[in-house]
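Commentary on secondary and tertiary structure
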Amino acid sequence: MNATPEKPAAAKKAVTKKATAAAGRAPAKQAAAGKAAPAKKAPAKKATAKTPAKKAPARKPESRVAMVRRARRINRELAELYPYAHPELDFTNPFELLVATVLSAQTTDLRVNQTTPRLFAVCPTPEDMAAMPPEKLEELIRPTGFFRAKTKSLIGLSAALRDRFGGEVPGRLEDLVTLPGVGRKTANVVLGNAFGVPGITVDTHFGRLARRFGWTTAEDAEKVEADVAEIFPKSEWTMLSHRVVFHGRRVCHSRKPACGACAIAPLCPAYGEGETDPEKAGKLLKYELGGQPGQRLKPPADYPGRPAPPMAPPVAAS
């Protein structure tokens, strides 16, 4: 419900002056006449029910065809906005990407990228990682959080790669999801970016934006993936994932979306959930759009922002 706009200050002063002058003239006239004017009774107000506030008009229901057209237009606009969209994990081969994706759970890609150089220097192959003492591996990946559970997954998947796949990361989803700690999201990341097999990566950013864009109402990641897969051609799945995740990290944040700085605001049913003032919204932008470093220490050549810094060395005890 919109509040009634207040009158400008100047108008208020004018009204006050008029009221004061009128109040001053009435006693003067009464004194000149030598008698007081009889007090007038205010007419009794009839009890009336309050008029209910007008509600905002309901949004017109969108047909399936209209939603699909709008969704594909959003994808095209995001492609123009992020022509450099890419996986934000540093890797040089499928094994490194698989390990980095497992480590990215419950932490940032930046923290993973700052951690993996030391890790891959010590154990560059599945055979090396499978033979790593758990306590040593825990120390190497500790900065990513949940290091005990992740250590168990990494040793388990490395042993499986060594024993069942000849030390190579398989290029099929049905094989990847049999590895410890690997679900559909991780499998799709590896397939799409290491093998060129299209896949939709439903992380927290993708799921949030898919619901805000009206592509799905599902909370379950597999249902979100299935709903979105019906909207877009398979050839778009991998790059769509990158673009949506890029937008979620930079503009359409979880708690305070930068609606006023969003290039696709006219296409978004959730416009207004965040800051709509362009100047204030501009201050919410992150990474390269906000003039800050990205998440990769070694970003692609066409990335317009700055590389992320390596992890600061531990401070020596004095």
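Everything that follows concerns the structure shown earlier in this document.
Figured I'd write up the structure that's included with this text. What you see is a predicted model; the values in this text were computed from it and never measured.

Basis of the calculations
Residues numbered from 1 in each chain as written. Predicted model: local features only at pLDDT ≥ 70, side-chain atom pairs only at ≥ 80, totals over all residues. Heavy atoms only, no water. Helix = DSSP H or I, 4+ residues; strand = E, 2+ residues; numbered from the N terminus. Buried < 20%, exposed > 50% of the residue type's maximum accessible area, 1.4 Å probe, protein only. Contact = heavy atoms within 4.5 Å. Areas by Shrake-Rupley, 256 points an atom, 1.4 Å probe, with all protein chains shown as cover. Polar contact = N/O pair within 3.5 Å; in protein donor to acceptor, adjacent residues only side chain to side chain. Phe/Tyr/Trp six-rings, centres within 6.5 Å; stacked < 30°, edge-to-face > 60°. 1 Å grid on protein atoms, 1.4 Å probe; cavity = no way out; pocket = protein on both sides within 12 Å on 5 of 7 lines; lining within 4 Å. Points joined across faces, edges and corners; volume = space filled by probe spheres on them. Nonpolar A, V, L, I, M, F, W, Y, C, P; charged D, E, K, R; others polar. Axes fitted to C-alpha atoms, helices over the stretch in contact; angles between N-to-C directions. Parallel < 35°, antiparallel > 145°, perpendicular 65-115°, else oblique. Left-handed = near helix turned anticlockwise from the far one by under 90°.

Brief notes about the overall build of the protein
Counting its secondary structure elements, the protein contains 13 helices and zero strands. Listing every helix and strand of the protein by position from the N terminus yields α-α-α-α-α-α-α-α-α-α-α-α-α. The burial tally for the protein puts 40% of its 318 residues in the buried class. Across the protein, contacts joining residues at least 24 apart in sequence account for 59% of those joining residues at least 6 apart. Carbon and sulfur atoms provide 57% of the accessible area of the protein, an area that totals close to 19100 Å².

Some thoughts on helix H10 (residues 204-212)
Of all nine residues in H10, seven are buried; the element is thus mostly enclosed. For H10, the set of buried residues is His-205, Phe-206, Gly-207, Arg-208, Leu-209, Ala-210 and Arg-212. Where the residues of H10 are buried, they touch helix H11 (221-229) and helix H12 (237-250). The backbone nitrogen of His-205 lies 3.1 Å from a side-chain oxygen of the residue at the head of H10, namely Asp-203. Gly-214, located one to two residues past H10, shows a positive phi value of around 80°.

Quick notes on the packing of aromatic side chains
Counted according to the given criterion, the structure contains six aromatic pairs. With 5.8 Å between their ring centres and 65° between their planes, Tyr-82 and Phe-246 make a pair best called edge-to-face. In this pair, Tyr-82 sits in the loop between helix H2 (64-81) and helix H3 (94-103) while Phe-246 sits in helix H12, placing the two residues 164 residues apart along the sequence. We classify Phe-246 as buried; its relative accessible area is 1%. Their ring planes at 75° and their centres at 5.9 Å tell us that Tyr-84 and Tyr-303 sit as a pair that is edge-to-face. Taken together, the residues span a long stretch of sequence, with Tyr-84 in the loop between H2 and H3 and Tyr-303 in the segment after helix H13 (278-282) at a distance of 219 residues. Assessed through its relative accessible area of 8%, Tyr-84 is described here as buried. One aromatic cluster is present, built from ring pairs that chain together Tyr-82, Tyr-84, Phe-246 and Tyr-303.

A word on the layout of surface pockets
If a probe as big as a water molecule is rolled over the atoms, it shows which places are left empty. Its volume calculated, the largest pocket comes out at about 940 Å³. In terms of lining residues, the largest pocket is bounded by 41 residues, among which Ser-104, Thr-107, Asp-203, His-205 and Arg-249 are the most central. For the lining of the largest pocket, the secondary-structure elements that each account for two or more residues are H3, helix H7 (147-164), helix H9 (184-194), H10 and H12. Considering every element that reaches the lining of the largest pocket, the biggest residue donor is H12, with six residues. Looking at the lining of the largest pocket residue by residue, the class counts come to twelve nonpolar, 19 polar and ten charged.

What to know about the packing of helix H6 (residues 134-141) against H7
Contact geometry for H6 and H7: axes closest at 9 Å, N-to-C directions at 120°. When the axis of H6 is compared with that of H7, the two are oblique. In terms of crossing hand, the pair formed by H6 and H7 is right-handed. Together, Pro-134, Leu-137, Glu-138 and Ile-141 of H6 and Phe-147, Arg-148, Lys-150, Thr-151, Leu-154 and Ile-155 of H7 make up the contact between the two elements.

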